Amino acid sequence: MARSNSALILGGGVFGLTSALELRSRGWQVTLLDSGTIPHPDAASTDINKVIRMDYSSDEQYTAMGELSIQRWREWNARWGEELYHEDGFLIMTRGEMLPGSFEHDSHAFLTARGHQLVRMNSALLQEMNPQWKAESFPNGYLNPYGGWGESGRVVARLKQDALDAGVVIHEHVPFGQWIEEQGRISGVKDALGNEWRADVTVSALGAWTTEYLPWLSDRLWATAQPVFHFRPSNPEDWRAPAFPVWAADIGTTGWYGFPANAEGIVKVANHGPGRRVRANEPRVMPAGEEARFRTFLRETFPALTDAPLASTRICLYGDSFDGHFLIDHDHDHPGLVIAGGDSGHAFKFTPVLGELIADAVERKPNPWLPRFAWREAGDRGGEGARAKD
Ligand SMILES: Cc1cc2nc3c(=O)[nH]c(=O)nc-3n(C[C@H](O)[C@H](O)[C@H](O)COP(=O)(O)OP(=O)(O)OC[C@H]3O[C@@H](n4cnc5c(N)ncnc54)[C@H](O)[C@@H]3O)c2cc1C
């Protein structure tokens, strides 16, 4: 494909900003539009933190993407001169046996076979090393020292600055209006204010909002609401690594996971479960009973956190795909348009490798990781190994 030199990116989350940066570094003229301020308060990429892991059962591709991403997060910390990725480790515990086929067993076995030094855990070690846990309830698990959490909202702000420094033109508060279609191609968008934005290629990086503007993908992409709770314990020091690293508690069957206290003393707890299917533009309401559900979990897992005051709550949206894999490819029915979405609640950790993936897709360059994310019709529902099923 002759190098066209202009790209229009819709959406300033991690898919949009990393693709803008990478295309710019390859010589493209890049303009990025977002309907609000970047970081957008409702964007999935915002929030205080996200898990960064390589633990993906025996899935070779996601494990390799996680390994490379962790390496690059370390490099970004060095380049930024501040730690936005905290390698506090990832503690994965289960109330049951680590049986073959379980997320815990297969991740431990697969990573050990790849040469990673993991710490096999049991209740006695948990009691000693991580006293905030109700150790007697968790007889099995492991600690992966390679992994941790990223300050997601602050990462987005950093990437935005990097993009501006690299010459990406960013326009905020420019909500998408409609597609401009000329000679059978998408050649840009008309925003809701009536301005026209044209480019050789338009990249849709609209996250959970994708099907609001690309309704023809509604059979394979949709928005799923997930509750997030931020607690403010009175003694945040007791809720920090190494005693309290990023954790997962029977995540493959229950979805529960969470974080150490951040600099503001906030402990985030969330659930990587089925969630609720919603429209991305509808008001976000925390269902009744969620707080009680979270506190019941805390009582059974971290008793000292059960009655901690709430700092805030959030409904955050996954841009789910039918099979749990991202969709990064040219739209086969709309030439000129590239889709970068379908994050399915697990893409933030891969931020350091997303830009290359999307830019290679735009330029139709071979990339060993792209076939999994290629254009595909809706099919058998799947989901990545750590996601608790219906
Ligand atoms: C509760 C929750 C927990 C998560 N935890 C983790 C985790 O621990 N680890 C992990 O790896 N991943 C996690 N994720 C997933 C991760 O957050 C996403 O995969 C990633 O942030 C998606 O990025 P995005 O750029 O596709 O979408 P967003 O970050 O949502 O960006 C989309 C952008 O599009 C903009 N936009 C919307 N409409 C318009 C319009 N009309 N015109 C212009 N712009 C528009 C929005 O303002 C927004 O800035 C989690 C997600 C959620 C919801």
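Given the structure is predicted, the values throughout are model-derived calculations rather than measurements.

Asker: For this particular structure, what's the right way to read the overall build of the protein?
Answerer: Across its full length, the protein holds nine helices and 21 strands. The C-alpha atoms of the protein give a radius of gyration of 21 Å, which matches the 21 Å a tight globule of 390 residues would have. Taking the principal axes of the C-alpha coordinates as reference, the protein spans close to 70 × 45 × 45 Å. Here the protein holds 390 residues, and 59% of them are scored as buried. Within the protein, contacts between residues at least 6 apart in sequence are counted, and of these 73% link residues at least 24 apart.

Asker: Any chance you could explain the packing of aromatic side chains here in plain terms?
Answerer: If you walk through the whole model with that rule in mind, you get 29 aromatic pairs. On the numbers, 6.1 Å between centres and 85° between planes, the contact of phenylalanine 15 with phenylalanine 326 is edge-to-face. Of this pair, phenylalanine 15 sits in helix α1 (residues 14-25) while phenylalanine 326 sits in the loop between β19 (310-321) and β20 (327-330), and the two are 311 residues apart along the sequence. By relative accessible area, which is 8% here, phenylalanine 15 ends up buried. An aromatic cluster of at least three residues, connected via ring pairs, comprises Trp133, Phe138, Phe229, Phe231, Trp239, Phe244, Trp247, Trp256, Phe294, Phe297 and Phe302. The cationic tip of arginine 53 hangs over the ring face of tyrosine 56; the distance from NZ or CZ to the ring centre is 4.1 Å. Arginine 220 extends its terminal NZ or CZ atom over the ring of tryptophan 375, reaching a point 4.8 Å from the ring centre.

Asker: Honestly, the site of the ligand in this entry has me stumped. Any pointers?
Answerer: In the region of the ligand, 32 residues are neighbours, and Asp34, Ser45, Val51, Cys316 and Lys349 sit closest. The backbone of phenylalanine 15 places a nitrogen or oxygen atom 3.1 Å from an oxygen atom of the ligand. The contact in question runs from an oxygen atom of the ligand to an N or O atom on the side chain of aspartate 343, over 2.9 Å. Contact with the protein chains hides 98% of the accessible area of the ligand, taken as 1,000 Å² for the molecule alone. Taken together, the residues that form the shell around the ligand break down as 18 nonpolar, 10 polar and four charged.

Asker: Please explain the sheet that holds strand β1 (residues 6-10) as it appears in this structure.
Answerer: The pairing of strands in a sheet comes from backbone hydrogen bonds and takes either a parallel or an antiparallel form. Strand order in the open sheet made by the six strands is β9-β2-β1-β13-β21-β20, with mixed pairing throughout. In this open sheet, the two strands that pair with only one neighbour each are β9 (169-171) and β20. The average angle at which neighbouring strand axes cross in this sheet is 15°, direction not considered. Relative to β9, strand β2 (residues 29-33) is paired through three bridges, and the arrangement is parallel.

Asker: How should the pattern of salt bridges be read in this particular structure?
Answerer: Opposite charge on two side chains permits them to pair, given that their charged atoms come into close proximity. Tallying each qualifying case throughout the model produces 27 salt bridges. Glutamate 22 is paired through a salt bridge with arginine 26; the nearest N and O atoms lie 2.9 Å apart. Just as glutamate 22 is buried, arginine 26 falls in that class too. The partner of arginine 158 in a salt bridge is glutamate 82, and the shortest N-O contact between them spans 3.1 Å. Taken together, the residues span a long stretch of sequence, with arginine 158 in helix α5 (residues 152-166) and glutamate 82 in the loop between α2 (60-80) and β4 (85-86) at a distance of 76 residues. On the basis of relative accessibility, which here comes to 27%, the residue arginine 158 falls in the partly exposed class.

Asker: Quick question: what am I supposed to make of the nonpolar core here?
Answerer: Generally speaking, soluble globular proteins have nonpolar side chains that are buried together. With 67 residues, the main nonpolar core has Phe15, Met65 and Ile328 as its most contacted residues. Not counting residues up to four positions away in its chain, the partners in contact with isoleucine 328 are Phe15, Ile339, Ala340, Leu357, Ile358, Ala361, Leu370, Phe373 and Ala374.

Asker: Sorry if this is basic, but what is going on with the sheet that holds strand β12 (residues 196-198) here?
Answerer: Spatial ordering of the open sheet is given by β10-β11-β12, a layout of three strands whose pairing is antiparallel. Each edge of the open sheet carries a strand with a single partner, namely β10 (176-182) and β12. For this sheet the average axis-to-axis angle between neighbouring strands, irrespective of direction, equals 30°. Pairing of strand β11 (residues 185-191) with β12, which is carried by three bridges, proceeds in the antiparallel orientation. Of the residues in β12, the one forming a bridge with lysine 190 is glutamate 196.

Asker: I keep staring at the packing of α1 against α5 and nothing clicks. Help me out?
Answerer: Describing two packed helices takes the angle between their axes plus the distance from one axis to the other. One can describe the packing of α1 onto α5 by two numbers: an axis separation of 10 Å at closest approach and a directional angle of 25°. By the angle class used here, α1 and α5 are roughly parallel. The chirality of how α1 crosses α5 is left-handed. From α1, Val14, Leu17, Thr18, Leu21 and Arg24 reach across to α5, where they touch Val156, Leu159, Lys160, Asp162, Ala163 and Ala166. Residue composition of the contact of α1 with α5, grouped by class: seven nonpolar, one polar and three charged.

Analysis parameters
Residues numbered from 1 in each chain as written. Predicted model: local features only at pLDDT ≥ 70, side-chain atom pairs only at ≥ 80, totals over all residues. Heavy atoms only, no water. Helix = DSSP H or I, 4+ residues; strand = E, 2+ residues; numbered from the N terminus. Rg over C-alpha atoms; globule rule 2.2 N^0.38 Å. Buried < 20%, exposed > 50% of the residue type's maximum accessible area, 1.4 Å probe, protein only. Contact = heavy atoms within 4.5 Å. Phe/Tyr/Trp six-rings, centres within 6.5 Å; stacked < 30°, edge-to-face > 60°. Lys NZ or Arg CZ within 6 Å of the ring centre and 35° of its normal. Near = heavy atom within 4 Å. Polar contact = N/O pair within 3.5 Å; in protein donor to acceptor, adjacent residues only side chain to side chain. Areas by Shrake-Rupley, 256 points an atom, 1.4 Å probe, with all protein chains shown as cover. Nonpolar A, V, L, I, M, F, W, Y, C, P; charged D, E, K, R; others polar. Pairing = 2+ DSSP bridges. Axes fitted to C-alpha atoms, helices over the stretch in contact; angles between N-to-C directions. Salt bridge = Lys/Arg side-chain N within 4 Å of Asp/Glu carboxyl O. Core = buried A, V, L, I, M, F, W, Y, C linked by side-chain atoms within 4.5 Å. Parallel < 35°, antiparallel > 145°, perpendicular 65-115°, else oblique. Left-handed = near helix turned anticlockwise from the far one by under 90°.

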